[in-house]
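# Inside the fold
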Amino acid sequence: MDKKCFSVSMCVYGKDDPSHFNTAVESILNQTLPPKEVVLVVDGPVPKKLSAIIENFEKNPLFNVIKLPVNKGHGVARRTGLENCTNELVALMDADDISVPERFEKQISVFVSNPHLAIVGGNISEFVNNPNNIIGYRKVPQNDADIKRYMKKRCPMNQVTVMLSKSKIESAGGYLDWYCNEDYYLWVRLALKGYEFANVDEVLVNCRIGEDLYRRRGGWRYFKSEAKLQRFMLKNKIISFLDFSINIIKRLIVQVLMPNRLRGWVFQKMARESN
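Scope of this entry: the structure provided in the associated data block. Small disclaimer: the values here were computed from a predicted structure and weren't measured.

The rules behind these values
Residues numbered from 1 in each chain as written. Predicted model: local features only at pLDDT ≥ 70, side-chain atom pairs only at ≥ 80, totals over all residues. Heavy atoms only, no water. Helix = DSSP H or I, 4+ residues; strand = E, 2+ residues; numbered from the N terminus. Buried < 20%, exposed > 50% of the residue type's maximum accessible area, 1.4 Å probe, protein only. Areas by Shrake-Rupley, 256 points an atom, 1.4 Å probe, with all protein chains shown as cover. Polar contact = N/O pair within 3.5 Å; in protein donor to acceptor, adjacent residues only side chain to side chain. Contact = heavy atoms within 4.5 Å. Phe/Tyr/Trp six-rings, centres within 6.5 Å; stacked < 30°, edge-to-face > 60°. Lys NZ or Arg CZ within 6 Å of the ring centre and 35° of its normal. Patch = residues over 30% accessible without salt bridge, like charges linked within 9 Å, V, L, I, M, F, W, Y side chains within 5 Å. Salt bridge = Lys/Arg side-chain N within 4 Å of Asp/Glu carboxyl O. Core = buried A, V, L, I, M, F, W, Y, C linked by side-chain atoms within 4.5 Å. Expected span 1.5 Å × (residues − 1). Pairing = 2+ DSSP bridges. Axes fitted to C-alpha atoms, helices over the stretch in contact; angles between N-to-C directions. Parallel < 35°, antiparallel > 145°, perpendicular 65-115°, else oblique. Nonpolar A, V, L, I, M, F, W, Y, C, P; charged D, E, K, R; others polar.

Here the focus is the overall build of the chain. Summing up its helical and strand segments, the chain has 11 helices and 9 strands in all. When each of the 275 residues of the chain is scored for burial, the buried share is 53%. Carbon and sulfur atoms provide 53% of the accessible area of the chain, an area that totals close to 12,900 Å².

It is worth spelling out the side chain of Gln-31 at this point. On the secondary structure map, Gln-31 appears in the loop between helix 1 (18-29) and strand 2 (37-43). Looking at Gln-31, the relative accessible area reads 7%, which means it is buried. From its side chain, Gln-31 meets the backbone nitrogen of Phe-104 in a polar contact 3.1 Å long. Residues in contact with Gln-31, not counting those within four places in the same chain, are Ser-99, Val-100, Pro-101, Glu-102, Arg-103 and Phe-104.

Applying the stated criterion across every chain, the model contains 8 aromatic pairs. Aromatic side chains Trp-178 and Tyr-185 sit 4.2 Å apart centroid to centroid with 40° between the ring planes, which places their arrangement in the tilted category. Of the two residues examined, Trp-178 and Tyr-185, each falls in the buried class. An aromatic cluster of at least three residues, connected via ring pairs, comprises Phe-21, Phe-57 and Phe-63. In this structure, Arg-189 is placed above the aromatic ring of Tyr-185, and the distance from its NZ or CZ to the ring centre is 4.2 Å. Directly above the aromatic system of Trp-178 lies the positively charged group of Lys-228, at a separation of 4.7 Å from the ring centroid.

Where nonpolar side chains cluster on the molecular surface, the patch consists of Ile-249, Ile-253 and Leu-257 and spans about 300 Å² of accessible area. With respect to the helices, strands and loops of the structure, Ile-249 is situated in helix 10 (residues 241-257).

All right, on to the nonpolar core then. Core analysis: the biggest nonpolar cluster contains 41 residues, and Ile-119, Met-151, Leu-164, Trp-187, Leu-190, Phe-197 and Met-233 have the highest contact counts within it. Counting residues per element, this core draws most heavily on helix 7 (residues 182-192), which supplies 7 residues. What Trp-187 contacts, discounting residues up to four positions off in sequence, is Ile-119, Met-151, Cys-155, Pro-156, Met-157, Gln-159, Val-162, Leu-164, Tyr-175 and Phe-197. Of all hydrophobic cores here, the second largest spans 35 residues; its members include Phe-6, Val-42, Phe-63 and Val-205.

With respect to the helices and strands, the residue Gln-159 is situated in the loop between helix 5 (144-151) and strand 8 (163-165). At a separation of 3.5 Å, a polar atom in the side chain of Gln-159 contacts the side chain of His-74.

With phi around 70°, Asn-129 is a residue other than glycine that occupies positive phi space. Within the secondary structure, Asn-129 sits in the loop between strand 6 (119-127) and strand 7 (134-138). If you check the backbone angles, Lys-237 has positive phi at about 65° while not being a glycine.

Topologically, Val-200 is positioned in strand 9 (residues 197-208). Residue class for Val-200 comes out buried when judged on its relative accessible area of 11%. With 38 residues separating them in the primary sequence, Val-200 and Val-162 have C-alpha atoms 9.9 Å apart. Not counting chain neighbours up to four residues away, the residues in contact with Val-200 comprise Val-110, Val-120, Gly-121, Gly-122 and Asn-123.

The end-to-end C-alpha separation of helix 10 is 23 Å, in line with the 24 Å expected for 17 residues at 1.5 Å each. Turning to helix 10, its buried residues number three or more, namely Phe-244, Asn-247, Ile-248, Arg-251, Val-254, Gln-255 and Val-256.

Time to look at the pairing of strand 4 (residues 89-93). Strand residues, when the strand is regular, have side chains that alternate between the two faces of the sheet. Where burial is concerned, most of strand 4 is hidden: 5 out of the 5 residues are buried. Of the two faces of strand 4, the one holding Leu-89, Ala-91 and Met-93 and the one holding Val-90 and Leu-92 are both buried throughout. In this sheet, strand 4 lies alongside strand 1 (residues 6-12) in parallel orientation, the contact comprising 5 bridges. Across the sheet, the residue bridging to Ser-9 is Leu-92, located in strand 4.

Let us look at the packing of helix 7 against helix 9 (residues 220-235). Angle between the axes and distance between the axes are the two parameters that describe a pair of packed helices. It is at 11 Å that the axes of helix 7 and helix 9 come closest, and there the two elements cross at 5°. The angle between helix 7 and helix 9 falls in the class roughly parallel. Residue-level contacts link Tyr-184, Tyr-185, Val-188, Arg-189 and Leu-192 of helix 7 to Leu-229, Gln-230, Phe-232 and Met-233 of helix 9. Across the contact of helix 7 with helix 9, the residue classes tally to 7 nonpolar, 1 polar and 1 charged.

Shown next, in the form of structure tokens:
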């Protein structure tokens, strides 16, 4: 397998900002080590302005654009993108974030050094409006043992940064629908299969955030999704009953009982490192 032959899988939705999407794609194309293909899944109808940008990229032979007639949701869109990638290594990308120029080169270097790995991610910066207006960082553990230990409490990978081994991901069942937690659910299943993880101790992607981000991380539906995942982890002995109880109580407080504005403060102060 030629480690330099890799794909990028990206999903775009009707509510995505056209200029942000264009910037995100340009950050892929301007890499020090560019991909061999970009699989772009258009999940349902999109407005004319966004459609025009998509059609422009569609003219580039590097792109394989797959248009789903109706919105299928994050899990299905991710699964569709991964299934249509022709290379073994696949990097994920969101439609409103910005990959740093050396992102793929650094991840490929890790895979070359450790070909048994299933996934390589990294840290993210979080900014509001302007990429220079960084308000925090989400840093994750680097080695396999620490990542799996961290997994017992929180999602151990920043999904927007990951590069995956397609065959290993598919052997664990691939992306499956699980409201707002398709990624965490997949990481848990990879761990159950005995696959190894790694994270680069550097920022690989600059991520846009706002009040809506924290609103999406709250409410009963989000809490029920998280609670169901915690039960799955308990059933499969990833966590103990004590871990399960602590995790559920914390999530109930933050995701259900806490107002959105306070939740945002908690995420920034307790779950992130300040700039």
